Amino acid sequence: MTKLKLQLSGVVKEYPTGEQPVRALDGIDLTIDGGQFVSLVAPSGAGKSTLLHMLGALDTPTAGSIRFNDVEVTTLDDNAQSDFRRHQVGFVFQFFNLLPTMSAWENVAVPKLLDGTPIKKAKADAMRLLDMVGLAQRSEHRPAQLSGGQIQRIAIARALMMDPALLIADEPTGNLDSKTSHNVLEILGDVAHGSEGRRAVVMATHDLEAARST
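The structure presented is a predicted model; accordingly, all values stated were derived computationally and were not measured. Going along each chain's sequence as written, the residues are numbered from 1 onward. Selection of residues for local features in this predicted model requires a pLDDT of at least 70, selection of side-chain atom pairs for listing and counting requires 80 or more, and totals for whole chains, interfaces and linings are taken over all residues. Water and hydrogen atoms play no part in the side-chain values, which are based on all heavy atoms of the structure.

Enquirer: Residues and numbers for helix H1 (residues 48-55), please.
Expert: For the exposure calls, accessible area comes from a 1.4 Å probe over protein chains only, and a residue counts as buried if that area is under 20% of its type's maximum, exposed if over 50%, partly exposed in between. Numbering of helices and strands runs from the N terminus; a helix is a DSSP stretch of H or I covering at least four residues, while a strand is a stretch of E covering at least two. Most of H1 is tucked away: six of the eight residues are buried. Taken as a whole, H1 has its buried residues at Lys48, Thr50, Leu51, Leu52, Met54 and Leu55. Ala57, located one to two residues past H1, shows a positive phi value of around 60°.

Enquirer: Quick one: what's the story with the pairing of strand S3 (residues 37-41), residue by residue and with numbers?
Expert: Counted residue by residue, S3 has four buried out of five residues, so it is predominantly covered. The sheet contact formed by S3 and strand S8 (residues 200-205) spans five bridges and is parallel. In the sheet register, Ser39 faces S8, and the bridge partner there is Met203. Pairing between two strands requires that DSSP report at least two bridges joining them.

Enquirer: If you had to explain the sheet that holds strand S5 (residues 71-72) to someone new, which residues and values would you point to?
Expert: With antiparallel pairing, four strands are arranged side by side in an open sheet as S2-S1-S4-S5. Both outer strands of the open sheet, strand S2 (22-33) and S5, are each paired with one neighbouring strand and no more. Across five bridges, strand S1 (residues 5-15) lies against strand S4 (residues 63-68) in antiparallel orientation. From the neighbouring strand, Val12 faces S4, where its bridge partner is Ala63.

Enquirer: Residues and numbers for the environment of Asn97, please.
Expert: Counting through the fold element by element, Asn97 comes out in the loop between strand S6 (89-93) and helix H3 (104-114). The sequence separation of Asn97 and Pro143 amounts to 46 residues, and the corresponding C-alpha distance is 9.9 Å.

Enquirer: Give me the lowdown on the side chain of Arg153, citing residues and values where you can.
Expert: Mapping Arg153 onto the fold places it in helix H5 (residues 148-159). Among buried Asp, Glu, Lys and Arg side chains, Arg153 stands out as unpaired, with Glu186 the closest opposite charge at 9.4 Å. In the analysis that follows, any N or O atom pair within 3.5 Å is treated as a polar contact, provided that within protein one partner can donate a hydrogen and the other can accept it, and provided that, for residues neighboring in sequence, both atoms belong to side chains. Here Val133 takes part through its backbone oxygen, which lies 2.9 Å from a polar atom of the side chain of Arg153. Throughout, a residue-residue contact means that at least one pair of heavy atoms, one from each residue, lies within 4.5 Å. Apart from the residues lying within four places of it in its own chain, the contact partners of Arg153 are Val133, Gly134, Leu135, Asn183, Val184 and Ile187. Charge assignment: positive for Lys and Arg, negative for Asp and Glu; neither His nor the chain ends contribute. By definition here, a salt bridge exists when the distance from a side-chain nitrogen of Lys or Arg to a carboxyl oxygen of Asp or Glu is within 4 Å.

Purely spatial values, then, with no claim about function.
Below, the structure is given as structure tokens:
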């Protein structure tokens, strides 16, 4: 079993804005190992989401190196980056981003269905993940029939559908009450710490209480 090693060296990201570019990331050196649940804590505008985008190959740095195990992510072409994201990275968002016309299990199954997995196999895998987050009994419910905490747990299950090595969570508790947030953070911790070093979770948050669990 390969243990995840994610290394950033001298990562810079600048955005052109007239005469003076904005430097969102200024020479980031960072190592994240599998088995870790890591928080990025900073006020709005400090570059948390930009750094998450770099980690998930949603954007490329202006300068610097990002190595994911033995792969230099910054040198991948568009097709290779897309394949990398689909199979190596799972995303959990503050606003959930579930498809409203689909049931819980269908939302979880979407990544594998898009990857060509037969529906019977995809549904079985989706049900296993829904059971892991405690929502197997809600598999036929649509998002409008579920609470915010239930929707976020479904979003976590969906993010795990392709068995990624890296789970990226951008303000995953931002729209949840404190009790539900605690439940979601426990699940994210279990995802990282129960992976025998194969998977890491990186979370951006404003919430210092949430960060203390990482």
